[in-house]
Each structure stands twice: as C-alpha cells, then as structure tokens.
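Here is how the chains run, residue by residue.
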Amino acid sequence: MSQTEIRSSFFTEEHDALRASIRAFVEKELTPHAEEWEAAGNFPDDVFPKLGKNGFLGLSYPQEVGGQGGDYLSTLVLKEEMARCGSGGLAMAVAVQTDMATPPIHKFGTKEQVDEYLKPAIQGTKIACLGITEPDAGSDVANIQTTGVKDGSDWVINGRKIFITNGCRAHFCTLVVRTDQPSGYNGFSLFLVPTDTPGWQVTRRLDKLGMHSSDTAEIVMEDMRLPAGALLGEEGKGFQQIMWELQGERLVGVAGSIAGAQLTFERCLAYAHERTTFGKPIGKHQVIAHKLATMASEIEAARRLVYDAAWKFNNGAYPVKEISMAKLYGAQVACRVANEAMQIFGGASYMMEVPIQRGWRDSRLIRIGGGTDEVMREIIAKLKGL
Ligand SMILES: Cc1cc2nc3c(=O)[nH]c(=O)nc-3n(C[C@H](O)[C@H](O)[C@H](O)COP(=O)(O)OP(=O)(O)OC[C@H]3O[C@@H](n4cnc5c(N)ncnc54)[C@H](O)[C@@H]3O)c2cc1C
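Residues numbered from 1 in each chain as written. Predicted model: local features only at pLDDT ≥ 70, side-chain atom pairs only at ≥ 80, totals over all residues. Heavy atoms only, no water.

Chemist: Can you walk me through the overall build of the protein chain in this structure?
Modeler: Of the regular secondary structure elements, the protein chain holds 13 helices and 10 strands. In summary, the protein chain has a C-alpha radius of gyration of 21 Å against a globular reference of 21 Å for 386 residues, a match within 12%. Projected onto the principal axes, the alpha-carbon positions of the protein chain cover approximately 80 × 50 × 40 Å. The 386 residues of the protein chain split such that 53% are buried. As displayed, the protein chain offers around 16,800 Å² of accessible surface, 54% of which is attributable to carbon and sulfur atoms. In the protein chain, which carries 41 positive and 47 negative side-chain charges, the distance between the mean positions of the two groups comes to 5 Å. (Helix = DSSP H or I, 4+ residues; strand = E, 2+ residues; numbered from the N terminus. Rg over C-alpha atoms; globule rule 2.2 N^0.38 Å. Buried < 20%, exposed > 50% of the residue type's maximum accessible area, 1.4 Å probe, protein only. Areas by Shrake-Rupley, 256 points an atom, 1.4 Å probe, with all protein chains shown as cover. Lys, Arg positive; Asp, Glu negative; His and termini not counted. Charge placed at Lys NZ, Arg CZ, Asp CG, Glu CD.)

Chemist: In this structure, what is going on with the nonpolar core? I would like to understand it.
Modeler: If you look at soluble globular proteins, the nonpolar side chains tend to sit buried side by side. By size, the foremost hydrophobic cluster in this structure holds 86 residues, and its most contacted members are Leu-30, Met-82 and Leu-90. With 14 residues, helix H9 (residues 238-274) is the single largest residue contributor to this core. If we skip the residues at most four places from it in the chain, Met-82 touches Val-26, Leu-30, Leu-51, Leu-90, Ala-91 and Val-94. Within the second largest apolar cluster, 18 residues are counted, among which are Ile-164, Leu-175, Val-177 and Leu-226. (Core = buried A, V, L, I, M, F, W, Y, C linked by side-chain atoms within 4.5 Å. Contact = heavy atoms within 4.5 Å.)

Chemist: Whenever I open this one, the packing of helix H5 (residues 72-82) against helix H10 (residues 286-314) confuses me. Can you help?
Modeler: When two helices pack together, their arrangement is given by the angle between their axes and by how far apart the axes lie. One way to put it is that H5 packs onto H10 with a least axis distance of 9 Å and a crossing angle of 145 degrees. Each of Tyr-72, Leu-73, Leu-76 and Glu-80 in H5 lies in contact with H10, whose residues at this interface are Arg-303, Val-306, Tyr-307, Ala-310, Trp-311, Phe-313 and Asn-314. Partitioned by chemical class, the residues of the contact of H5 with H10 number eight nonpolar, one polar and two charged. (Axes fitted to C-alpha atoms, helices over the stretch in contact; angles between N-to-C directions. Nonpolar A, V, L, I, M, F, W, Y, C, P; charged D, E, K, R; others polar.)

Chemist: In this structure, what is going on with the site of the ligand? I would like to understand it.
Modeler: Taken together, 17 residues lie near the ligand, and Thr-133, Ser-139, Phe-163, Thr-372 and Glu-374 sit nearest. Taking Ile-132, its main chain carries an N or O atom lying 2.9 Å from an oxygen atom of the ligand. Separating an oxygen atom of the ligand from a side-chain N or O atom of Thr-372 is a distance of 2.6 Å. The fraction of the free accessible surface of the ligand (980 Å²) that becomes covered by protein chains is 63%. Elements represented by at least two residues in the shell around the ligand include exactly strand S1 (128-131) and strand S3 (154-165). A per-element tally of the shell around the ligand places S3 first, with three residues. (Near = heavy atom within 4 Å. Polar contact = N/O pair within 3.5 Å; in protein donor to acceptor, adjacent residues only side chain to side chain.)

These figures come from the coordinates and say nothing about function on their own.
Rendered as structure tokens:
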C-alpha cells in the first residue's frame, strides 16, 4: 500500500517519513529472516539493540529518557510496520518491550527505575516482559495469587505466572503482585524484577499454535527477595496501574493485528489477479470480488476506530470505551480476514510454505490476549450503564 493510501487525517508528514524509515528497516533487516526465525521458534536477541539504535523502541517516550519525543501515533506507526515483517511473534515481542512492560515505568517509576530499566529498554540492551497472568487469574486479574509480604524493608514474593511473552529471555519483568489480602482492588502492587534475582525461575517454555518466533514462559517465584526500591509506583495501587497499562496494550495489539490483516488482504488481492479458474482470474468471480470488498471495508472501519481511540489517548483522554470497542471489533475483523484469506487461497492456504496459514494462526491470539472479546463486551456494557 502506498503512503497516500495509508495516510489519514490522523497522521502528519512526519509520521509518513517515520513510516517510510521503519518500512525500509523492516524490509532490509527483518522480513528476509522471518521464515527462518518462525521455523526456529525464536529470533536473535540482537534484534532489540538494532531497533533501539534506530530509535524505534522509544518513539513516543520523551528525549530525557532516551526516547524520540514523538506522539502516541508514532508508536502505532511502528506497530503497523512491524506487522509487515511476516512474523507476528517478532512484532508481538517488540510490542511487549515498547508498549506493555515499559509504559508503567515511565508513568509511575522513580528516576533510579527509569535509569535502570526504561533507558536500557529503549536502547534495546535490556529485554522486558510483563507478568500479569497466572494459572487462575487471566480475565479475572483481581484473582492474582502471587503474594508479596514485607520482611523488614524487603519484599518476599511467592507465586506463579503463565503465558509470559519474552519471559524466557527477559532481563527484567514488570510484575503484578498481591501485597494485601483484604484490601480488594487496593491490595495489589507493581514491582520491577531483574530476572537474575534468586528465586525467579523459568520453569517451562510453552509450545504455541502461532506467534512461533516469540517465546512464552511459565515462571515460578519462590521466596524471591526484592529490596524496597523494586516497588513500582504506589503500594496498593497496582490494580489501577495495570488497568491503565492494559489500555495501551489493547490499542497497540489490535493496531498490529489490523495491519496484519491489511497485509493478508494485499496478498489475497494479488492472488485474485493471478490465480485463474474457469478461464478467468478468481477476482473476476463476483463471490471472490465481494469477499475482498468486504475485507477492505472492515479493515478500514477497524483501523479508524483504532486511530480515533489513539488520537484521544494522545490528547490526554482516557478513552476506555473507545479502546475496548476498537479492540473488540478490530480483533474480530483480523480473524475474519484471516479466515476468508484461507478460503480465497484454496488448498494453497493449507500449505506451510504459503504465509496465509501463519496469518490465520497468529491472528487468533488477538481475540484472547490482553483481554478477551468477552471482557471487552463486559467493559463496554458496563460503560453503557448495564
Ligand atoms: C500467546 C500468549 C501470550 C501472552 N502474553 C502475556 C504476557 O506477556 N503477559 C501476561 O500477563 N499475560 C499474557 N497472556 C495472557 C492473556 O492475556 C490471557 O490469556 C487472557 O487475558 C485470557 O485469560 P485466560 O487465558 O486465563 O482465560 P480465562 O480468563 O480463563 O477465560 C476463559 C474464557 O472465559 C471467558 N470469560 C472469563 N471471564 C468472563 C466473564 N466475566 N464473562 C464472560 N466470559 C468470561 C473468557 O472470555 C474466555 O473465553 C498471553 C496469552 C497468550 C495466549
């Protein structure tokens, strides 16, 4: 897709220039390796410092902390262009670094925490993960059972986290812990944990349906001792802080998925011209043409919901309803597009050598990760007074 096609009223010429430079980097440094990294089930750690050197890991962070000082839409541009690398897992791993594990450090962290974690994460010299989910606490975040108990000025942490992206390779984790049993939503706190802390253990690398190049860990913490300075933000405010984090996570997650759907659509369009049946290109069969028309329209509608929510976020609003709607609708569109693409490519779609199957496998995650469709509907319904 050309620059003019992708340009909407939300973006400026600076965003266009940024898009062009990320696209050139992705095409040169990432796309040629996507197949190999997907097959290997991993990508090299040095992708992070390479992205960092180009400033791509800190686009919307201020210059004082080593960022590029751009607006929130800059980070959406990164997510959209990363989706074009052909490896959803790689794009997701980078999104965890830039927009999930690190925003709470910028928003709630001390100068020492910014120096120790955020600045190296922006440079790509430290890899980050985010530890919310547990075996018995996914959608129900308030059921987190990992405990943090004060011992003198230290904290002693015990518990288990699951499905943690980057967890096998991370240098630190932004961790959600229950620090006070009877206090309900005010009984949680965030911590910054170096993964070489005694008591932190990656017990399993989980095998997944898709997103193969990203690692997903199960983590056990046994009598893990943290100093007082590991507490991130105010004690007891971890639930509210992580709900804030999840807004950005949902927005960038769905932005990437819609960009993945756009790539799938472009592949389908090209195939509709080139694949001939019954004496004409399949795109000249009205059923296929209309499928493509619907895909294009739904992608456009989903993208505009994301841009609108991101624009509001960027301008100081806390648009939970708009973000939830964008996540819900965009996730469904991404999956519908991937599913229709399987049909358009026919038998070829089922072959591992054709990337359409990967888009189908990878896209399914967005209806679950960072808050399921059902959780999005719950939020929207509550905000509508139900
Ligand atoms: C590949 C992958 C990567 C991930 N990366 C991370 C990560 O880096 N860090 C992290 O912390 N987590 C991560 N997650 C976890 C992810 O965010 C959770 O899986 C997700 O929030 C859903 O939680 P759950 O799996 O426990 O499902 P559950 O909460 O058990 O839900 C099961 C089903 O019940 C439905 N349901 C639950 N509650 C309700 C309700 N009140 N009303 C109606 N329906 C309901 C759900 O929508 C779902 O359909 C990752 C997950 C995957 C698969």
